[in-house]
Amino acid sequence: MSAELTMDGACAVAARGLVKEYRRGEVVERVLAGVDLDVRRGSFVSVMGPSGSGKSTLLHLLGGLDRPDAGEVLLDGSPLSSLSDEDRTLLRRGRIGIVYQFFNLVPVLSVDENIALPAVIAGRRERAYRGKLDEIVELVGLADHRTKRPDELSGGQQQRAAIGRALFVEPAVLLADEPTGNLDFRSGADILALFVEAQCSLGQTIVMVTHDPRSAAHGEEVLLLRGGSMAGPLVLNTRCRDAARIDRSHEARSRAVLRWLEQQEQLDDAAVPRDPGTRVQGPATLKV
Amino acid sequence: MRSLSTLAYRGLVARRARYLLTAAGTMLGVAALFGVLVTAGVTSRALSDTVHGWAGRADVVIGPIGSYDSVLPVGVDTRVARLPGVERTTSTLGIRSLLQRGLAPKADGMPPDLSQDQIVFLQGVDLPSYAPLHPFTLVDGRQFHPGGREMVVTRSLAGRMHLRVGQMVAMATPTGAVQMAIAGVIGDTGAGQADNGGVAYTSLPTARAMYGRADAYNGMDVVLTKGTTPRAWIDQHRAALGDRVAMQPASQIAGGFRTFVAAVNAALGLISVIALFVGAFLIFLTFSLAVAERTRLYGTLRALGAVPRQVRRVVVVEAAQLGLVSSLAGIVLGYGLAAAGVGLVGSLLRVNLPPLGFPAGAAVVSVLIGTVVSVTAAWVPARRAAAASPVAAMREGQAADERRRRIWPRAVVLTVGMACIFSRAPTGVRSLGAILVLLGAVLLVPFLLSPLARMLGPLTRRLTRGVGDIAVMHLVKERSRSAYTLALIMVVLAMILAVGASNLAMNHTLDQVLTRQAGSDMQVAAPGAFDPGVADQLAAVKGVDRLSPVRFGQTDVLDGARSTNTFLTVIDPASYFRVANFDWVQGDTASAGSALSAGHAVLLPDATASGMGVRRGQRITLRTNLGVERFTVAGTYAQLGNGFGVIASTADLSLFGSGRPNAFLVSVKAGAAPDTVRKAIIDRIGAHQPLLVQTAAMLRAQAHSQLRGFFSLAYAMLVLAGATGMLGLANTLVFSVLLRTREIGMLRSSGAVRSQIRGMVLVEAATLALVAFVLAIPLGSLLAAGLIAGQRATFGFTVHFTFPWRLVIPVGLIALMIAAVASLLPARRAGRIEVVSALRFD
């Protein structure tokens, strides 16, 4: 499939034929070799892959933090990659939220101030965003910690504050880079549940990069990035169903993800040639 | 939070312990600047007071051409008063006298104590015409009566000599010692400011009686009508008054003091600029470290939508806040420095300087400059922060500095600086050259650190067993951070070497000049002029071998339309060169002596000749008692300070005044001790002829003391710069420890003991200091050569540069000391890091 700069109107973000190379001395490493991606509005997509597979690079490009060497990213239908640095920066203010593995909170600001930071950057007055701030603080469960500094919070609480900051701008897409990578199991589970809640209650579109199948199983779809190209999706069909039912089926979903990953590995071992820019295998669907 | 600038303030407060070191550096720089401004203000006021003290409200001052005991021609006062543009005049007769306080034997029968005698300028004035120009403020007693044997003294003179109203003292005059009563004491303002307070006033008739001539006067003060320019008035009426009078604008008197004050202020100014440069460098270093440390924060801000301008502003505001607070603290410290500096300059210039006061304008300027310098120094790090990629927000650890650097622009800066230093350009350009040389050297350091660290590391790594190599390895791989710290130390060491080398070279040259210029074993000087017959009396003193009389005065050097009043010395060429000599620049003793003996020949200070563009063999025009005359330049010499000025010959004595010598240069017989001969002269002649006898050793000590005083200012500033360098190194080491916390945890978990970790920090410090020392030697030598080349205008003689071998080891030891002291706190912190928390450190 050629990389056409069109996307389904139901997509929040899409990528067409993304290529990204890094030069390290004399060696040129092609991290992304023509990746296509469509993320529907309100969906929760997990992108998996081994270390060095380009997951974070893909996230950088989707968030307008970096430019591809070829291809395009479309955000709500508008090309992103061809914008100037200043325009991409302004776009990030209001359209893209990012959650990092290491939280990246500003140590000298309180929880409230960290969450409202995008508004301060945009020059908005406090009374204009006070209501929204209260809502987000409630959503992320930090109402009792509003005046605390990051070093007074646990890892989980810090990541909640970081999620609050990302949600504050009502982004077209929320990008999460290994959000549970620095957290213990319980805290990580809480964070992922918060993502699901944001998706269900706010209709938030989420793209999460992870190497953990259990984390990936919280999403609706799982994609696999290997060798610079994308495989999948594995569709899990968990969209905002009965939460209790989702919880009970989480183990099954996690196993399903693992199995699928193993299948992908076997395909690689069999050296099935891939057409760069296409999905390797059609969607696998897991009904739960 | 209203804006991102809040981050600046919060960041400052959060890291206040670390910024304290940086603030101290800025504080020292601003302190140096404010101290210099205050000191310069005081010395300028002293100059103004001196000028004002002599000139008062006068616009033009008139004096006789020739020797100091010359008088103005009869009728000049009347002619001047009738000239157009003259509002009022007053005539005076000044006598350089010796005030002898101890008149009578003491109560216990011991002889009077002559050690209390002091040279005083006794000014005879016509009070009704003099007082409107030079106000008197009586603080005790009363004004003198016209014609009476009484006088008033200044409060400072009365204080120094413990004089009181009603006391009788003896004043040495051309007609002999005269007893005078002290009628009153005047305040140290107006008339009391003349001669830095070393003046006494009596009536004009009284002074004329002391002088021995009823119509004598040797000074006129002229007040011009409003709108009349002094220089234009002089040029207009010069011809009418003839060539036997010297006229100059009142603002131009005290030329020697003026030149020296300008030189001292210029030197202080340069030193303060360098102190500020070092302080600014510390700011640059600190903010470079801070930006590197906060790469992820700036990347996050960019990822959240902050444009580069906003990120840059965060850093700039932080620097401005730090600069402002540090500058305010610097004002307080600077005031203390100024107090010390003023004391030192006062002893250097041998004047009582006015009180410091508190110059609010200088304080505001210093704070503004300190803040602006801080912002400027943080500009490059701020731009780097603004350029942080939003992708950096994703990364763990610090962003590597992958920018390519080009060496040639930095080399150009260094080369341009060197060209400026060694050019014949004005002091300002050469000072700029010094800054460019320092800047160029600093910019080249990143290219030199790795190879030098690799070369010198084997020496320093032995300071700690096992892990010393790691510290050296980090330096070899590190570019920016350690390189700029090293550059700071290099600049400080280079300045120490440069000032030290200048000091050594100038002391050596001073000795040579003194030996050649003075040459005689002692100088015997009179407050005014010697009585006839003193020469025979001196020759008869046991131990005296030869003497040569010297006469002092003034003349005008005419260069086209320009007339410059200058010091004049008249020597007897037949005897002078048997007792003393000159430090020849052009010419030699034989040809000069021969030319002077023939007459209509002069010697010039080489600086004066250069300024006029005149060489040996050419002719210059001088104003004499018999009109304008042309003289051949028989040679030029290196003059020490104000020195002898224009040297004329007794063959032309009739052109330059009355003829009584003011001093004798004396050589003693072989085997005679100068101190013994000095005492014999004082005992034999001092009882009836006021005189001042100084041996060559005393003159040499005086000259060296002045030079020492001059350099002590420079060394004081260098101590400040050294402290700043130490702070910079400590700052970098603290940051290094912070960055390598996890590495330290790993080393400790692998078996390294705390003392080895502390040693690792010491190795890093020692390696940096050693590399800085190696680079400081050529840089310091370059700066020294440039500094020395510029000293001619200040000191009047040419100094020759020689490599300062004697200073290499002391400067090396200073480098190691800086390393040791700077590494104390960081090493202690590194040694105390707990393994577990270090391994978890992010």
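In this report, the structure presented in the accompanying data block is examined. Everything quoted here is computed from the prediction, not taken from an experiment. (Residues numbered from 1 in each chain as written. Chains lettered and ligands numbered in written order. Predicted model: local features only at pLDDT ≥ 70, side-chain atom pairs only at ≥ 80, totals over all residues. Heavy atoms only, no water.)

Looking only at helices and strands, chain B features 27 helices and 21 strands. Principal axes of the C-alpha set define a box for chain B whose edges measure 100 × 65 × 60 Å. Put simply, chain B has 842 residues, and 56% of those count as buried. Put simply, of all contacts in chain B between residues at least 6 apart along the chain, 82% involve residues at least 24 apart. Summing over all exposed atoms, chain B offers an accessible surface of approximately 34,000 Å²; the carbon and sulfur share of this is 60%. Treating the 78 positive side-chain charges of chain B as one cloud and the 43 negative ones as another, the clouds have centres 13 Å apart. (Helix = DSSP H or I, 4+ residues; strand = E, 2+ residues; numbered from the N terminus. Buried < 20%, exposed > 50% of the residue type's maximum accessible area, 1.4 Å probe, protein only. Contact = heavy atoms within 4.5 Å. Areas by Shrake-Rupley, 256 points an atom, 1.4 Å probe, with all protein chains shown as cover. Lys, Arg positive; Asp, Glu negative; His and termini not counted. Charge placed at Lys NZ, Arg CZ, Asp CG, Glu CD.)

This paragraph deals with the sheet that holds strand β5 (residues 78–79) of chain A. Residue and element names in this part refer to chain A. An order of β2-β1-β4-β5 is seen for the 4 strands of this open sheet, with the pairing classed as antiparallel. If you trace the sheet from one side to the other, it starts and ends with β2 (27–40) and β5, each paired once. Relative to β2, strand β1 (residues 11–24) is paired through 11 bridges, and the arrangement is antiparallel. Within the sheet, the bridge partner assigned to A15 lies in β2 and is L37. In this fold helix α1 (residues 55–62) packs onto β1, β2 and β4 (70–75), with an angle of close to 125° to the strand it touches most, β1. (Pairing = 2+ DSSP bridges. Axes fitted to C-alpha atoms, helices over the stretch in contact; angles between N-to-C directions.)

Here we come to the pairing of strand β4 (residues 118–125) of chain B. With 8 bridges joining them, strand β3 (residues 86–100) of chain B and β4 of chain B adopt antiparallel strand pairing. The residue bridging I95 of chain B from the neighbouring strand is L122 of chain B, located in β4 of chain B.

Okay, the pattern of salt bridges next. All names here are of chain A. For the structure on display, the rule yields 25 salt bridges over all chains. A salt bridge links R40 to E221, with the shortest nitrogen-to-oxygen separation between them at 3.6 Å. Highlighted residues: R40 in strand β2 and E221 in strand β9 (residues 221–226), separated in sequence by 181 residues. Classification of E221 by relative accessible area gives buried; the value is 14%. As a salt-bridge pair, E170 and K132 come within 2.7 Å of each other at their nearest N and O atoms. Highlighted residues: E170 in the loop between α6 (155–168) and β7 (173–177) and K132 in helix α5 (residues 126–139), separated in sequence by 38 residues. One salt-bridge network, held together by shared partners, links D112, E126, R130, D134 and R146. (Salt bridge = Lys/Arg side-chain N within 4 Å of Asp/Glu carboxyl O.)

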